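The residues making up each chain are set out below.
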Amino acid sequence: MHTYEPPIFELSGAGKIGAWLPETGVPETALPADLLRTDDLAGLPELSETEVVRHFTRISQRNFCIDTGMYPLGSCTMKYNPKIHEDAARMPGFAFIHPLQEDTSVQGALRLTYDLQALLAEISGFDQVCLQPAAGAQGEFAGILVFRAYHLDRGDDQRDEVLCPNSAHGTNPATAAMVGFKVVEIATDPRGNVDLADLRAKVGPRTAGLMLTNPNTLGLFDENVHEVAAIVHDAGGLMYGDGANFNAILGIVRPGDVGFDFMHYNLHKTFTTPHGGGGPGCGAVGCKTFLAPYLPGPIVVENDDQYSSFTPEKSIGRLKTFKGNFGMFVRAYTYIRMLGAAGLREISENAVLNANYLRVKLHDLYPVAYDRTCMHEVVLQGKLKGAPDIHTLDIAKRLIDFGFHPPTVYFPISVAESIMIEPTETESKRNLDAFIAAMRQIAREAVESPELLHNAPTTAPVRRLDEVGAARKPILKYDRAAINGLRGDKATTDDQLEQPTY
Ligand SMILES: *Cc1c(COP(=O)(O)O)cnc(C)c1O
């Protein structure tokens, strides 16, 4: 074990250089005076190449990521990103094209886009797909704007409400509110389905639509989805499908066949494109023909083997620059083509099998909110027998000491002390067994030595964090004085800091 930890920050020293600009290959031209910098370039760090490389490598080693361990976050589908995607996305014909090129010079890229639209439409049972939105939440925004445009176009201007089951992902009500609708919450029945009586009581001439995540955020397939759709449609409303949990039903159920009019896909969940720090992602959307005229654009079309793009006539408009995150299209396309129809179905079968394996191996110790066959994720509760002082947060933090990223906690909010686990199909039985063993040992420790849980994590670079403070008073850039303030250190300037010795 090495004890010397070189510093990560405060490394700058005047005159150190880590990069060299190449000789210019073009004639030098004088820039207009008003574009020239007049003051000195000050305040930039000055470092050697070695220091920069070590800085970023060390920081990367402190990061827990899908390439280093299991990441059982529920409602996220954090599966591994097949490395062949990167080979495909890096092919010069995809990587070095420019979005302003003429359609005629990028036919291959347009064809891939067109084919991906068609594949997603086929997999989900919709008629038209648009790949423009950059995230699931933006796909939702597109969908609810489309619902509004559709109703208004028919002169149906009394519909100012969107129904959201209380098991919905937070983005659903947020989306409806952002578009300007009133959000009406629908209860969940004892089996974890939409409560039909509550739905019947709240649906009506003011209903623009219902947003349903299916499988829902309890990890359950709504057994009454046909009936929910019929009730909403009978009232003149539309069915929005939140497809973030598509990972559970690929090749088994097509949302377009069970009553949904519109849906978003998270290519960065179901179709293994990287999640990358909030982006770039792709929240593609699909819909039935009658809603297609309102879709965002551009959409790629084919005519006589020529590919071009167009924006539908009554489009809600553009949501993203150019055609969207094209690099993600290449990755998702590669994934779907590599697996084929049978492979896609196998994904879901294994994702569901893995989640149920965890459920069955853990439900004697961790109560399961709705203990019936789940889909690709399972919602446990951190309420352990004989350990009244232990909470879900303690269990999650202790998992870090066992080398696992914690699952999603305290979501869904409708379940007390929820622990939402999505193993995905890409974890081996050996990994699942190790995770189960850790969860079972934590349940024992909770009774026998609860301080181990209360003090966790002990092996991570940082201990228990002030999570409320981090959310309410975030420090979003490196600020030595603020960091010292937080730690209660006296030194507040660089001069007063202990200098590293080499
Ligand atoms: C992740 C998720 C979303 C939001 O998708 P983003 O791509 O993160 O914007 C919406 N609904 C559900 C159920 C999700 O899991």
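Since the structure is predicted, the reported quantities are computational estimates derived from the model, not experimental observations. (Residues numbered from 1 in each chain as written. Predicted model: local features only at pLDDT ≥ 70, side-chain atom pairs only at ≥ 80, totals over all residues. Heavy atoms only, no water.)

What follows deals with the overall build of the protein chain. Across its full length, the protein chain holds 14 helices and twelve strands. For the protein chain, whose C-alpha radius of gyration is 26 Å, the value lies close to the compact-globule estimate of 23 Å for 502 residues. By its C-alpha atoms, the protein chain is 75 × 75 × 45 Å across when sized along the principal axes. The burial tally for the protein chain puts 47% of its 502 residues in the buried class. Partitioning the contacts of the protein chain with sequence separation of at least 6, the portion at a separation of at least 24 is 70%. Once the 46 positive and 62 negative side-chain charges of the protein chain are each reduced to a mean point, those two points are 4 Å apart. (Helix = DSSP H or I, 4+ residues; strand = E, 2+ residues; numbered from the N terminus. Rg over C-alpha atoms; globule rule 2.2 N^0.38 Å. Buried < 20%, exposed > 50% of the residue type's maximum accessible area, 1.4 Å probe, protein only. Contact = heavy atoms within 4.5 Å. Lys, Arg positive; Asp, Glu negative; His and termini not counted. Charge placed at Lys NZ, Arg CZ, Asp CG, Glu CD.)

This part covers the sheet that holds strand β10 (residues 378–381). The strand order across the open sheet built from three strands is β10-β12-β11, with neighbouring strands paired in antiparallel fashion. In this open sheet, the two strands that pair with only one neighbour each are β10 and β11 (408–409). Two elements, β10 and strand β12 (residues 418–421), share four bridges in a ladder whose sense is antiparallel. In the sheet register, valine 379 faces β12, and the bridge partner there is methionine 420. (Pairing = 2+ DSSP bridges.)

Another point: unusual backbone geometry. Most peptide bonds take the trans form, and the phi angle of most residues other than glycine is negative. Between glycine 297 and the following residue, proline 298, the backbone shows a cis peptide bond with an omega angle of 0°. Counting through the fold element by element, proline 298 comes out in the loop between β7 (285–287) and β8 (299–303). In this structure, the amide linkage connecting phenylalanine 411 to the following residue, proline 412, adopts the cis form with an omega of 0°. Checked against the element boundaries, proline 412 lands in the loop between β11 and β12. A positive phi angle, close to 55°, is found at threonine 272, a residue other than glycine.

The next subject is the sheet that holds strand β6 (residues 262–264). The seven strands are arranged β1-β7-β6-β5-β4-β2-β3 in an open sheet whose pairing can be described as mixed. Looking along the sheet, the strands with just one partner apiece sit at the ends: β1 (128–130) and β3 (182–186). Strand-to-strand, the axes of this sheet are offset by a mean angle of 20°, without reference to chain direction. With three bridges connecting them, β1 and β7 associate as antiparallel partners. When the bridges of β7 are listed, cysteine 130 appears paired with valine 285. The sheet contacts of helix α6 (residues 171–179) involve β2 (161–165), β3, β4 (207–213) and β5 (238–242), and relative to β4 the element is tilted by about 155°. Each of β4 and β5 is contacted by helix α8 (residues 225–234), which is oriented at about 140° to β5, the strand it contacts most. (Axes fitted to C-alpha atoms, helices over the stretch in contact; angles between N-to-C directions.)

Looking at the assigned domains, one finds that the protein chain contains domain 1 (1–25 + 40–62), domain 2 (84–339) and domain 3 (467–498). Between domain 2 and domain 3, the C-alpha centre-to-centre distance is 42 Å. (Domains from an automatic or database assignment.)

This part takes up the site of the ligand. Near the ligand you find 13 residues, and of these Ser75, Gly136, Asp242, His268 and Lys269 are the closest. Histidine 169 places a polar side-chain atom, nitrogen or oxygen, 3.4 Å from a nitrogen atom of the ligand. Note that a nitrogen atom of the ligand is positioned 2.5 Å from one of the side-chain N or O atoms of aspartate 242. Here the ligand loses 87% of its free accessible area of 380 Å² to cover by the protein chains. The greatest single-element share of the shell around the ligand, amounting to three residues, is contributed by helix α5 (residues 136–153). (Near = heavy atom within 4 Å. Polar contact = N/O pair within 3.5 Å; in protein donor to acceptor, adjacent residues only side chain to side chain. Areas by Shrake-Rupley, 256 points an atom, 1.4 Å probe, with all protein chains shown as cover.)

Now for α8. By the burial criterion, the buried members of α8 are Val225, Val228, Ala229, Ile231 and Val232. Summarising the axial view, the buried residues of α8 lie within an arc of 160°, below the 170-degree limit, and thus occupy one face. In this structure, α8 carries His226 and Asp234 as exposed residues pointing more than 90 degrees from its buried face. Lining the buried residues of α8 we find α7 (196–202), β4 and β5. Looking one or two residues beyond α8, the residue adopting positive phi is glycine 236, at roughly 85°. (Arc of directions from axis to C-beta.)

Where nonpolar side chains cluster on the molecular surface, the patch consists of Phe9, Ile59 and Tyr478 and spans about 260 Å² of accessible area. Here tyrosine 478 shows up in the loop between α13 (467–472) and α14 (480–487). Under the relative-accessibility criterion, tyrosine 478 is labelled partly exposed at 36%. (Patch = residues over 30% accessible without salt bridge, like charges linked within 9 Å, V, L, I, M, F, W, Y side chains within 5 Å. Salt bridge = Lys/Arg side-chain N within 4 Å of Asp/Glu carboxyl O.)

So, about the environment of leucine 380. Its location among the elements puts leucine 380 in strand β10. Classification of leucine 380 by relative accessible area gives buried; the value is 0%. It is 44 Å that separates the C-alpha atoms of leucine 380 and leucine 110, two residues lying 270 residues apart in sequence. The residues touching leucine 380, leaving out its near neighbours within four places in the chain, are Leu362, Tyr366, Pro367, Val368, Glu417, Ser418, Ile419, Ile421 and Met439.

Further remarks concern the nonpolar core. Leu116, Leu120, Leu199, Tyr265 and Phe271 are the most contacted members of the largest nonpolar core, which totals 57 residues. Here this core gets eleven residues from one element, more than from any other, and that element is helix α9 (residues 326–362). Not counting residues within four places of it along the chain, the set of residues in contact with phenylalanine 271 comprises His85, Leu120, Ile123, Phe246, Leu250, Asn266, Ala332, Tyr335, Ile336 and Leu344. Core analysis: the second largest hydrophobic core is formed by 32 residues, Val368, Ala387, Leu399 and Ala443 among them. (Core = buried A, V, L, I, M, F, W, Y, C linked by side-chain atoms within 4.5 Å.)

In the structure shown here, the tally under the stated rule is 25 salt bridges. Between glutamate 223 and arginine 191 there is a salt bridge, with its nearest N and O atoms 2.8 Å apart. Highlighted residues: glutamate 223 in the loop between β4 and α8 and arginine 191 in the loop between β3 and α7, separated in sequence by 32 residues.

On to the packing of α9 against helix α11 (residues 429–448). Interaxial distance between α9 and α11 falls to 10 Å at its minimum, and their mutual angle equals 30°. As judged from the angle between their axes, α9 and α11 are roughly parallel. Note on packing geometry: the crossing formed by α9 with α11 is right-handed. Within the contact between the two elements, α9 uses Asn354, Tyr357, Leu358, Lys361 and Leu362 and α11 uses Lys429, Leu432, Asp433, Phe435, Ile436, Met439 and Arg440. Here the residues of the contact of α9 with α11 sort into seven nonpolar, one polar and four charged. (Parallel < 35°, antiparallel > 145°, perpendicular 65-115°, else oblique. Left-handed = near helix turned anticlockwise from the far one by under 90°. Nonpolar A, V, L, I, M, F, W, Y, C, P; charged D, E, K, R; others polar.)

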